[in-house]
Protein chains: 2
Amino acid sequence: MADGPTITTIAERAGVSIASVSRVLNGLPTRQETVRKVMAAAEELGYVRNAVARSLKSRRTHQIAFAMADIGNPAYLAMLRQIQPVLKAAGYRLVLHSTDAVVADEIDVLHSLGERYVDGLIMSPLRVTRRHLDMLAAARAPVVIIGSVPEGTPVDNVRADSRTGVQLAVRHLYGLGRRTIGMVNGPTDTVPGAARGAAYREALEELGLPYDEDLVEIGDFYRAEGGRAVAALLRRRPDVDALMCANDLIALGALDVLRAAGRRVPQDVAVVGMDDTDLAAASWPSLTSVSLGSAERGKAAAELLLDRLKNGDREPRRVTVPPRLAVRASTTGEEPAPLPPPGAERGRP
Amino acid sequence: MADGPTITTIAERAGVSIASVSRVLNGLPTRQETVRKVMAAAEELGYVRNAVARSLKSRRTHQIAFAMADIGNPAYLAMLRQIQPVLKAAGYRLVLHSTDAVVADEIDVLHSLGERYVDGLIMSPLRVTRRHLDMLAAARAPVVIIGSVPEGTPVDNVRADSRTGVQLAVRHLYGLGRRTIGMVNGPTDTVPGAARGAAYREALEELGLPYDEDLVEIGDFYRAEGGRAVAALLRRRPDVDALMCANDLIALGALDVLRAAGRRVPQDVAVVGMDDTDLAAASWPSLTSVSLGSAERGKAAAELLLDRLKNGDREPRRVTVPPRLAVRASTTGEEPAPLPPPGAERGRP
DNA sequence: GCGCACATCGTAAACGTTTACAGGAAGATG
DNA sequence: CATCTTCCTGTAAACGTTTACGATGTGCGC
């Protein structure tokens, strides 16, 4: 693992100056003979350009950071899967940060833009605080936010339309005859939590259903937490006949708890998830889920950022991705009640 | 987004030399008064160290690359989830490459180590070719391979024990009375494919069951492909009573096809997956699956690499992670046949 | 008052590139 | 043949750090 060759090594071997080597390597006009010599030397030495030195001089790292709240969440994963190829095709590397949705970590990432190790950042914060906005305004590199930011914030941003998404789901449940529709939400101090909670309320009102706080339970965006929240809601309102869950993980938790409680899905309680992740199609029963277009949002974010890197001072843009409802068995399943869990699942006959 | 301050700016403002600024920022012994002045200036200017310049000088980027075959595969994702926090805790950033299991892309990644934009690489190649080995030998930065490499290859490597894993599964099926155990594999020119195929054969022999090529079908490591392979196998051997699938996605495909064919799982056909991903627990019925310890392997790989970065010329190490069998409903479920899929399952609005 | 040890600092080189600039050679033009 | 272009090349500076080295100043012992 000896020290690799540099353009100086090549220059010596080819008998030219380092400037010529650089020009040849960058395809600038050069005499044919020189090109040949330099190429030959580079080939023999197995030369590879030093990206760090190059970045220092050119002030471009060809790296873009993606700060995701939670690697475990398939919705962010769907974004990542789209972001990666778009960046790769444009010649950028992807630096991955996981912030665990901790504000301090997100601020850290924004702050670290000052280190200039990336040309730009795609970030998907769960909540947007005053500090976020301050840091965004002072950010030393272009940032694209996936999620909602206050009106007028001068930053490119890609948002889902969870309002319409929740509306789609609630209407679907209403159309199936459900009238006691509960909501299991994540923390309402998060952007998605707040939006989904409000949208649920609106959707009910639009349909002329009463909004009842007893039908709303706040947990967190994880399976176990979601399950706990559902259990609490069930104790309070055993008559609930449908559950709008703020994401698929919560919905899976709901399925767990409903099964354990002997409630049939969808006959007794219909369940709708959100994000339409892989888990929704694979779950038991398969989960009706609102797709908020995570994949499309990821792609759009990457494209926005690339565009901004080309064209630094265009107006900030906002892209909104429309939701879709993927209807599956957890709302329209026609088979008889799912039976108690198979013995091995949790030790029951 | 004006040009940020550099140590030169600070030096001017504090009335000291850039050397002093650097010393203060790096905590080298300096007079108290100087420290104060420099810190004050840095603070006022909102100075952040330029990581690129720092890397150029120090020959350390504090970045580590992870080249995963397929972002969509939850097994790799499980590795990623473990790798990320380990690196972060050690002060390294994570650069993510997705190679789509294309050899040329993997070679590219190895080659790009010469650009010195990372201090090391964790790679999980699906197949290891001659070129891989050549590039590994010539790699300009430490590499840890997740997966098997030929005996004696001088490289840190973390492997699963799929042989024992398959054995666990086949014995489990045998113990449940299954005697016509099929295998649905991915391409056998991949390392896991070859290993799992061979292990299946060995496990049968160990149990005194005949090895029958008709019971083996090769597809690819994806859900749809797995389904197709199972369909083919079923046509050839309708009497099969158990399926050993080379990963969970294949097993999900198997469930799809078995359901469509009216076969009950596990009564008619027991199904075992591999990798024990989130999907296994969420699927319908839940999937018995061999965990090859993806998470542990990711963690081990990250730790091996960090250790190697500290101690460049210790002996190459090999870590083998033991498999576990997660038993679920697809082999031991006792409920009556799952019914045909609900109508809505694949009709989307 | 001299010499020495020590602490602190500034100068300058280095990391590996890219690139502005100027110089030289060759060809075109008078 | 002198001059002007044109093309190609080399010199050197720059990007923002870290760090070896030598210079300076201070305090102390004699």
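Quick notes on the rules
Along each chain, residue indices are assigned from 1 in the same order as the chain's sequence is written. Ligands are numbered from 1 and chains lettered from A, in the order in which they are written. Under the rules for a predicted model, residues below a pLDDT of 70 receive no local features and side-chain atom pairs below 80 are neither given nor counted, while totals for whole chains, interfaces and linings still include all residues. Fitting of the copies onto one another was done by least squares over C-alpha atoms, counting residues only where both copies have pLDDT of at least 70. The rule is simple: place the C-beta atom from the backbone, and if it lies within 6 Å of a molecule or strand, the residue is near it. The way it works is that DSSP assigns letters per residue, a run of H or I at least four long becomes a helix, a run of E at least two long becomes a strand, and they are numbered from the N terminus. Residue polarity follows a fixed list, in which Ala, Val, Leu, Ile, Met, Phe, Trp, Tyr, Cys and Pro are nonpolar, Asp, Glu, Lys and Arg are charged, and the others, Gly among them, are polar. DSSP bridges decide pairing: two strands pair if at least two such bridges lie between them. Inter-axis angles, ranging from 0 to 180 degrees, are taken between N-to-C directions of lines fitted to C-alpha atoms, where helices are fitted over the stretch in contact. Under this scheme an angle from 65 to 115 degrees is roughly perpendicular, one under 35 degrees roughly parallel, and one over 145 degrees roughly antiparallel; angles in between are oblique. For any helix crossing, the convention is left-handed if the near helix is rotated counterclockwise from the far helix by under a right angle, and right-handed if that rotation is clockwise. What counts as a contact is two residues whose backbone-derived C-beta atoms lie within 7 Å of each other. Each residue is classified by how many other C-beta atoms fall within 10 Å of its C-beta atom, where C-beta atoms are placed from the backbone; a count of 20 or more means buried, 12 or fewer means exposed, and values in between mean partly exposed. For a crossover, the right-handed case is the one in which the path from the first strand over the helix to the second runs clockwise, viewed with the strands pointing away from the viewer.

### Side note on the relation of the copies chain B and chain A
- For the match of chain B to chain A, the screw axis carries a shift of 0.0 Å, the RMSD comes to 0.1 Å, and the turn is 180°. The superposition of one copy onto the other is thereby described by a two-fold rotation axis.

### With respect to the protein's contact with DNA strand D
- Not every one of the 28 residues close to DNA strand D is listed here, only the nearest: A:A19, A:R31, A:T34, B:A19 and B:N50.
- At the level of secondary structure, the elements contributing two or more residues to the surface near DNA strand D comprise α2 (18–25) and α4 (51–58) of chain A together with α1 (7–14), α2 (18–25) and α4 (51–58) of chain B.
- Of the residues belonging to the surface near DNA strand D, the class tally is 11 nonpolar, 10 polar and seven charged.

### A closer look at the sheet that holds strand β8 (residues 242–245) of chain A
Residues and elements named next belong to chain A.
- The strand order β7-β6-β8-β9-β10-β12 describes an open sheet built from six strands, whose pairing is mixed. Every interior strand has two partners, whereas the edge strands, β7 (216–218) and β12 (324–326), have only one. For this sheet the average axis-to-axis angle between neighbouring strands, irrespective of direction, equals 20°.
- Looking at chain direction, strand β10 (residues 288–291) and β12 are connected through three bridges and run antiparallel.

### What to know about the packing of helix α10 (residues 223–236) of chain A against helix α11 (residues 248–260) of chain A
Residue and element names in this part refer to chain A.
- Between α10 and α11, the shortest axis-to-axis distance is 7 Å and the interhelical angle comes to 55°. Compared by their axis directions, α10 and α11 come out oblique. With respect to the hand of their crossing, α10 and α11 are arranged in right-handed fashion. Contacts between α10 and α11 pair R223, A224, E225, G226, G227, V230 and A231 from the former with L249, I250, L252, G253, A254, D256 and V257 from the latter.
- Along the lines of polarity and charge, the residues of the contact of α10 with α11 split into eight nonpolar, three polar and three charged.

### Structural notes on unusual backbone geometry
- Between A:V265 and the following residue, A:P266, the backbone shows a cis peptide bond with an omega angle of 10°.
- Inspection of the secondary structure assignment puts A:P266 in the loop between α11 and β9 (270–274).
- A positive phi angle, close to 60°, is found at B:R59, a residue other than glycine.
- Residue B:R59 is classed as exposed on the basis of its C-beta count, with 11 C-beta atoms lying within 10 Å.
- Even without glycine at this site, B:H62 takes up a positive phi of about 55°.
- Mapped onto the elements of the fold, B:H62 is located in the loop between α4 and β1 (63–68).

### Some words on the interface of chain B and chain A
- Facing 50 residues of chain B, the contacting portion of chain A comprises 51 residues.
- Broken down by secondary-structure element, the contributors of at least two residues to the side of chain B that touches chain A are α4, α5 (74–89), β2 (93–98), α12 (278–282) and α14 (329–332) of chain B.
- Across the side of chain B that touches chain A, the residue classes break down as 24 nonpolar, 14 polar and 12 charged.
- In this structure, strand β2 (residues 93–98) of chain A lies alongside β2(B), joined through three bridges in antiparallel fashion. Bridged to A:L96 within β2(B) is B:L94.

### Considering the pairing of strand β6 (residues 181–185) of chain A
All names here are of chain A.
- For β6, the buried fraction is high: five of the five residues fall into the buried class.
- Side chains of β6 alternate between two faces, with I181, M183 and N185 and G182 and V184 buried alike.
- As paired elements, β6 and β8 share four bridges and run parallel to each other. Note that in β8 the partner of M183 across the bridge is M244.
- In the classification by handedness, the crossover that spans β6, the intervening helix α9 (residues 191–206) and the parallel β7 is right-handed.

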